Amino acid sequence: MAQRTVPQPLNLRERYSSFVSASSGGPITAVLLVAFFGAWALVAATGGDFMTIDNIRSMLIRSVALGIVAIGQTLVILAGSLDLSVAYLVSVTAVLSSVIMDGDPSRIAVGVVVVLAVGALVGLVNGLVITKLRVNAFIATLGMALILKGLLTASFDNFSGAVPEEYQVLGYGRIGPFPWAVLLLAALGGVVWYMLNRTRYGHHLFAVGGDFDTARLSGVRADWVIIRAHIFCSLTAVMTGLFIVSRLRAGAPWVGPDGAYDLQSIAAVVLGGTALAGGRGGVGGTIAGVFLLAILDNIFNQLGVNTFLKDVLRGVVLIAAIAIYAVQRKRAGR
Amino acid sequence: MSDQTPRAEPLLELRGISKSFFGVQVLREVDLDLHSGEVHAVVGENGAGKSTLMKIVAGAYRPGEGETSIDGEAVAFHSVREAQQRGIGIIFQEFTLLPERTVAQNIFLGREPSQGLRVDRRAMENKTRELLSSLGVEGLSPRAVVGTLSVAQQQIVEIAKALSLDPRILVMDEPTAALSPHEVDSLFDRVRILQQRGIGVLYISHRLKEVFSIADRITVLKDGRRVDTVASSDVTTGDLVRMMVGRELDHYFPDRAAPGAMGDVKLRVTNGGAGMLHEVNLEVRAGEIVGLAGLQGSGRTELARSLFGAVPFERGTVEVDGSLTKVRSPRDAMSLHMGFLTEDRKSEGLVLPHSVRNNALLALRALRPSRRRAVNSAGPVSVADLSKRVDVRAASLEQEVRYLSGGNQQKVVLAKWLATRPDVLIFDEPTRGIDVGAKAGIHELMRELANRGVAVLMISSELPEVIGMSDRIVVMRGGTVAGELPAGSSEQDILLLAATDAEQEAS
């Protein structure tokens, strides 16, 4: 059988659609821009500062903690899973690393390696329980969250240990005008984007989240795709913990749950257009979702909105966004 | 082709394959062999073990006993991947494509060509184009998102996916279940291309007519045993049916309605339109079975959904029992004494993890109180009587319907609608994927309902069914009614009406 190769030029529409599906979150980016300029106008009109370097930098830094763990959350959600244990893993990381480092610069490496190992272990256990014991991801990671919480509060009840000054470069240092932490977030986002859209693992992750059985019957090691996503997600929670402890100078058991990194990260992911059922979405949307949440916070703070009302407004924004996605998909007929 | 079949070394040989699940013996000592360039059909009623046998061949299940060998060498697969590596490709009954991903991503899932960590997208798309053109397919872009393709195009992607492994053995499980007759023909052309390349094809189907037109040899399974393997030129459909069910079905279809037996018009649509539907004119009388034929995509299912209010008509008028009315939702339709057996019974007709009893009562319990009182006033509804009437074979009324065979599931769906004492029943593909015995049972029930004065509208892709059952045949094309034919018209008449200008689909 003679095989012909007919290279066909792609038409514009295909190019465009491939770009959108690759970068993900087309609509959220537009919403983000609107929100950004809307916030600028709103805050400026009420006499506040929005478009200053300091304010923008502070928004970006606030986005880093949530952004890193939300990138990890994106992976598990794309795989059709979920991770509710990230908030307490952030706390465990913060406390454990600051206790190990204990103000001694020579122990920075040890501290980082130990918490990364703990994170990998937590992710591995989450992944194994979900895939091999077939425990629903919601329950498995909620259980893990309780275990971590128990272990932590049994051993610590306040700020413990301290991180050395050299380590605080992570939280406060800059290269030129750019904070280290923001560059780190951007790099992580870039690496994960590449992983999702250009590597075999990324293709398999979308496939497993889209249809587990199809992926398995196509020869994908579906269980391990999910397990690896969980390990990666836990590692991002550890990175968030390492970042937070560098800002706070010492770890406390409440830093994770206070930041609500579990639910906030899920909110950012779905705000970014990733389907909670898995298989559709991407990291670009998640980062836009994180920034959107940060902009909202910033507006609320500058306008002096009551704390409880803030939550109400966040809730409204989240539900409205998801409803818009649902309606759009229905219109598109898919 | 059949005269050259038995040659020295079979490509694939199964010996004494047995398999049981939870103590239920599904396969008993089945033998099968397949030669290069041969199409070997496996037929049998639902539950005869065809799909289980194919899954064993494909490495998805491991046999309890027995031996598999390829080129005379014994093999034992522990996974689908291992079977793939030994040259076995499979196209499963349910499509296994990811709707959100592109054609190329689907075809190369799990085996993406890569350079280091990076997927070589260009190579992947070029290989996809080669595969598609080797199947004689033009105009299907590797970057098209699968969810936007037609069913026939998706099937092509499915075949290309199996072929991307360069298999020597291809297993096709009910590949034509969702295709129109004309699409089946183009599928068979592709199967013949594979045959010429020396690929051995194991072909499973319920449709005996297709089996005759494509297979060189046929193996009949019954209750997990192999009844016989025959050359397709040596047997008739009647022979096969006898082997499959162990008896000859003397009546394929029940008698039609007597000419004077039909009542008034129960349901009439005038110039109906919604979505792709336009200028639809249709009427169904009490006591009549109207067959609705047409190619895939001609608007048959859309019409049914609009009649039942799932996608309400936007234009035109609907009359029920002679009075103008609007059907804005399935709930409205049920209030007007209508019932709808959907094409996809598993996702739209049944709640799979619920019992036979709860499924049978689902529609009745959802009726508006006034209508429910009216139904009950004609005597209490008994699920036991209903399930006896439709002849559901279940361990008990409390058994979950997901454990029932396709035929019995369909009977439960029918019981669900009978519980509401409907005057109009719409059947969409009532016997798709159902074995011969259950099929005859459902046909008889449909006729019995019509004889009691129910107006029946039946959509079917199986022309023999349309011809055998209908008192009148309405043919759809391009979203409207193309014409009407009397009872007993030939397949050719129907196809001529259905396909005159519909050649653009599925090439």
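Residues numbered from 1 in each chain as written. Chains lettered and ligands numbered in written order. Predicted model: local features only at pLDDT ≥ 70, side-chain atom pairs only at ≥ 80, totals over all residues.

Caption draft 1: The overall build of chain A, seen in detail. The secondary structure content of chain A amounts to 15 helices and 2 strands. In terms of overall dimensions, chain A has a C-alpha envelope of 70 × 55 × 40 Å along the principal axes. Across the 334 residues in chain A, those meeting the buried criterion constitute 46%. When contacts within chain A are restricted to residue pairs at least 6 apart in sequence, those whose partners lie at least 24 apart make up 78%. (Helix = DSSP H or I, 4+ residues; strand = E, 2+ residues; numbered from the N terminus. Buried ≥ 20, exposed ≤ 12 C-beta atoms within 10 Å, placed from the backbone. Contact = placed C-beta atoms within 7 Å.)

Caption draft 2: The overall build of chain B, seen in detail. Looking only at helices and strands, chain B features 18 helices and 22 strands. Taking 2.2 N^0.38 as the reference for a compact globule, 507 residues should give roughly 23 Å; the C-alpha atoms of chain B span a radius of gyration of 24 Å, in line with that estimate. Taken along the three principal axes of its C-alpha coordinates, chain B extends 70 × 50 × 45 Å. Relative to its full complement of 507 residues, chain B shows a buried share of 49%. For chain B, the share of sequence-separated contacts (at least 6 apart) that also reach a separation of at least 24 residues comes to 70%. (Rg over C-alpha atoms; globule rule 2.2 N^0.38 Å.)

Caption draft 3: Representation of the interface of chain A and chain B within the structure. Contacts between chain A and chain B engage 26 residues on the former and 27 residues on the latter. If you list the elements that add at least two residues to the side of chain A that touches chain B, you get α1 (12-23), α9 (200-210) and α10 (212-217) of chain A. Looking at the side of chain A that touches chain B element by element, the count peaks at 5 residues for α9 of chain A. Per-class residue counts for the side of chain A that touches chain B are 9 nonpolar, 10 polar and 7 charged. (Nonpolar A, V, L, I, M, F, W, Y, C, P; charged D, E, K, R; others polar.)

Caption draft 4: Quick peek at the nonpolar core. Of all hydrophobic cores here, the largest spans 162 residues; its most connected members are Val 90 and Val 208 of chain A together with Val 171 of chain B. Ranked by residue count, the leading element in this core is helix α11 (residues 222-248) of chain A, at 16 residues. The contacts of Val 90 of chain A, once residues within four sequence positions are left out, are Val 69, Ala 237, Thr 240, Gly 241, Ile 244, Val 255, Gly 256 and Tyr 261 of chain A. Counting residues in each nonpolar core, the second largest holds 76 residues, with Leu 295, Val 320, Val 413 and Met 458 of chain B among its members. (Core = buried A, V, L, I, M, F, W, Y, C linked by C-beta atoms within 7 Å.)

Caption draft 5: Quick peek at the pairing of strand β12 (residues 225-231) of chain B. All names here are of chain B. Bridge analysis of strand β11 (residues 217-222) against β12 gives 6 bridges, and the strand direction is antiparallel. Residue pairing across strands places Leu 221 opposite Arg 226, the latter belonging to β12. In this antiparallel pair of consecutive strands, β11 and β12, the connection spans 2 residues, and Asp 223 shows a positive phi of 50°. (Pairing = 2+ DSSP bridges.)

Caption draft 6: Up close: the environment of Val 290 of chain B. Residue and element names in this part refer to chain B. Assignment of secondary structure puts Val 290 in strand β15 (residues 289-294). Residue Val 290 is classed as buried on the basis of its C-beta count, with 24 C-beta atoms lying within 10 Å. The spacing of Val 290 and Val 474 is 184 residues in sequence and 7.0 Å in space, taken between C-alpha atoms. Once residues within four sequence positions are removed from consideration, Val 290 is found in contact with Val 284, Val 456, Leu 457, Met 458, Ser 470, Asp 471, Arg 472 and Val 474.

Caption draft 7: Summary view of the pairing of β11 of chain B. Residues and elements named next belong to chain B. When you tally the buried positions in β11, you get 5 out of 6 residues, the bulk of the element. Here strand β3 (residues 39-43) runs beside β11; their pairing, made up of 4 bridges, is parallel. Bridge pairing in β11 places Val 43 opposite Val 220.

Caption draft 8: Unusual backbone geometry, seen in detail. All names here are of chain B. Even without glycine at this site, Asp 71 takes up a positive phi of about 50°. Of note, Asp 71 is situated in the loop between β4 (65-70) and β5 (73-75). Residue classification places Asp 71 among the partly exposed residues on the basis of 14 C-beta atoms within 10 Å.

Caption draft 9: Geometry of the sheet that holds strand β20 (residues 455-459) of chain B. Residue and element names in this part refer to chain B. What the 6 strands build is an open sheet, ordered β18-β19-β20-β15-β21-β22; its pairing is mixed. With one partner strand each, in any of the chains shown, β18 (338-341) and β22 (480-486) form the two edges of the open sheet. Within the sheet, the average angular offset between the axes of one strand and its neighbour, ignoring direction, is 20°. Bridge count for β15 against strand β21 (residues 472-477) is 5 bridges, and the pairing is parallel. Among the inter-strand pairings, Leu 292 is bridged to a residue of β21, identified as Val 474. Across the sheet, helix α9 (residues 300-307) lies against β15, β18, β19 (424-428), β20 and β21, angled at about 150° from β19, the strand it touches most. (Axes fitted to C-alpha atoms, helices over the stretch in contact; angles between N-to-C directions.)

Caption draft 10: Molecular detail of the domain arrangement of chain B. All names here are of chain B. Annotation of chain B at the domain level lists domain 1 (2-245) and domain 2 (263-499). Of note, the centres of domain 1 and domain 2, computed from C-alpha atoms alone, are 33 Å apart. Taken together, the contact pairs 17 residues of domain 1 with 16 residues of domain 2. Contributions of two or more residues to the side of domain 1 that touches domain 2 are made by α5 (151-163), α6 (181-196) and α8 (237-245). Among the residues making up the side of domain 1 that touches domain 2, the classes are represented as 8 nonpolar, 6 polar and 3 charged. (Domains from an automatic or database assignment.)

Caption draft 11: Region of interest: the packing of helix α5 (residues 108-131) of chain A against α11 of chain A. All names here are of chain A. Contact geometry of α5 with α11 gives a least axis separation of 7 Å together with a crossing angle of 145°. The handedness of the crossing between α5 and α11 is right-handed. For the contact of α5 with α11, the residue count by class is 17 nonpolar, 8 polar and 1 charged. (Left-handed = near helix turned anticlockwise from the far one by under 90°.)

Caption draft 12: Highlighting the sheet that holds strand β10 (residues 200-204) of chain B. Residue and element names in this part refer to chain B. Spatially, the 6 strands line up as an open sheet ordered β6-β9-β10-β3-β11-β12, and their pairing is mixed. Unpaired on one side and paired on the other, β6 (88-91) and β12 mark the two borders of the sheet. Neighbour to neighbour, the strand axes of the sheet diverge by 20° on average, direction disregarded. Sitting on the sheet, α5 is in contact with β6 and β9 (169-173), with an inclination near 165° to β6.

Caption draft 13: Quick look at the environment of Ala 257 of chain B. Residues and elements named next belong to chain B. Relative to the helices and strands, Ala 257 resides in the loop between α8 and β13 (265-274). Given 19 C-beta atoms within 10 Å, Ala 257 falls into the partly exposed group. Placed 40 residues apart in sequence, Ala 257 and Arg 217 show a C-alpha to C-alpha distance of 39 Å. Excluding residues within four positions of it along the chain, Ala 257 makes contact with Met 262, Gly 287, Glu 288, Ala 450 and Asp 471.

Caption draft 14: A look at the packing of helix α15 (residues 406-418) of chain B against helix α16 (residues 436-451) of chain B. All names here are of chain B. Taken N-terminus to C-terminus, the directions of α15 and α16 make an angle of 20°; their axes are 9 Å apart at the nearest point. When the axis of α15 is compared with that of α16, the two are roughly parallel. Remark: the crossing between α15 and α16 carries left-handed chirality. The residues of α16 that touch α15, namely those facing Gly 407, Asn 408, Gln 410, Lys 411 and Leu 414, are Ala 438, Ile 442 and Leu 445. Of the residues contributing to the contact of α15 with α16, the split by class is 4 nonpolar, 3 polar and 1 charged. (Parallel < 35°, antiparallel > 145°, perpendicular 65-115°, else oblique.)

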